[in-house]
Amino acid sequence: MDNKNYPSDLTNEQWKLIETLLPPAKTGGRPRSTDLRQVINGILYLVRTGCSWRMLPRDFPPWSTVHDYYWKYRHDGTWNQIHEALHEQVRIHLGREPCPSAAIIDSQSVKTASKGGIKAMTRERRYRVENAIWW
């Protein structure tokens, strides 16, 4: 693989933050030969460019490998853990508490069925319903 840099690639500082949050390789069997940083870079490239999996440049691991890791991390909760950890660090960097202490709920709602039944009908339709006149 050519180590071409893309705008979506992780910096060294970003990789240090994420690397510890990724699950370790399974015990037993062959050791992991895939560079997880390149896998994450491939996923970020796909997210940023919107290309299909099979159009992933050859600078990254094979598309099927990147897709497998994406699917695995999505279903085992790794992406959520990464998001929560980075969200906390952003809040701390901004001088806030790691977890929000308050939330705002918008109480305004649009009533879609405030008028219904006989009141919502036109005068002609109401007359026909009340007098059982079907056209």
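Everything below is about the structure printed above this text.
An account of the accompanying structure is given in this report. Residue positions are given per chain, counted from 1 along the sequence in the order it is written. pLDDT decides what is reported in this predicted model: residues at 70 or higher carry local features, side-chain atom pairs at 80 or more are listed and counted, and totals for whole chains, interfaces and linings draw on all residues regardless. Side-chain numbers come from the whole structure's heavy atoms, not from hydrogens or water.

### A look at the side chain of Asp59
Note the following rule: Starting at the N terminus, helices and strands are each numbered in turn, a helix being any DSSP run of H or I of at least four residues and a strand any DSSP run of E of at least two. Note on exposure labels: buried denotes an accessible area under 20% of the residue type's maximum, exposed denotes more than 50%, and partly exposed covers the range between, all computed with a 1.4 Å probe on protein chains only. As used in this structure description, the phrase polar contact means that two N or O atoms lie within 3.5 Å; if the pair is within protein, one of them must be able to donate a hydrogen and the other to accept it, and residues adjacent in sequence are counted only when both atoms belong to side chains.
Topologically, Asp59 is positioned in the loop between α2 (36–49) and α3 (63–76). Asp59 sits in the buried class, given a relative accessible area of 13%. Among the polar contacts listed, one links the side chain of Asp59 to the side chain of Tyr6, at a separation of 2.2 Å.

### Considerations on the environment of Lys4
Basically, it comes down to this: Note on contacts: a residue pair qualifies if any of its non-hydrogen atoms lie within 4.5 Å across the two residues.
Its location among the elements puts Lys4 in the segment before α1 (12–19). Taking C-alpha positions, Lys4 is 9.9 Å from Arg58, a pair spaced 54 residues apart along the chain. With near-sequence residues (within four places) excluded, Lys4 lies in contact with Asp9 and Asp59.

### A word on the nonpolar core
Stated precisely, the cut-off is as follows: Nine residue types can take part in a nonpolar core, namely buried Ala, Val, Leu, Ile, Met, Phe, Trp, Tyr and Cys, and a core is a set of them joined through side-chain atoms within 4.5 Å.
The biggest cluster of nonpolar side chains holds 17 residues, and the ones touching the most others in it are Trp15, Leu22, Leu36, Ile40, Leu56 and Tyr73. Going through the elements one at a time, α1, α2 and α3 are the ones with two or more residues in this core. By residue number, the principal contributor to this core is α2, which donates six residues. The contacts of Ile40, once residues within four sequence positions are left out, are Leu10, Trp15, Leu22, Tyr73 and Trp79.

### As for the packing of α2 against α3
Applicable threshold: Lines are fitted to the C-alpha atoms to define the axes, a helix being fitted only along its stretch in contact, and any angle between axes, read from their N-to-C directions, falls within 0 to 180 degrees. We call two directions roughly parallel when the angle between them is under 35 degrees, roughly antiparallel when it is over 145, roughly perpendicular when it lies between 65 and 115, and oblique otherwise.
The N-to-C vectors of α2 and α3 enclose an angle of 85°; their axes lie 9 Å apart at closest approach. With respect to each other, α2 and α3 are oriented roughly perpendicular. Counted together, Leu36, Val39, Ile40, Gly42, Ile43 and Leu46 of α2 and Val66, Tyr69, Tyr70 and Tyr73 of α3 form the full contact between these two elements.

Take it as geometry only, folks, not as evidence of what the structure does.
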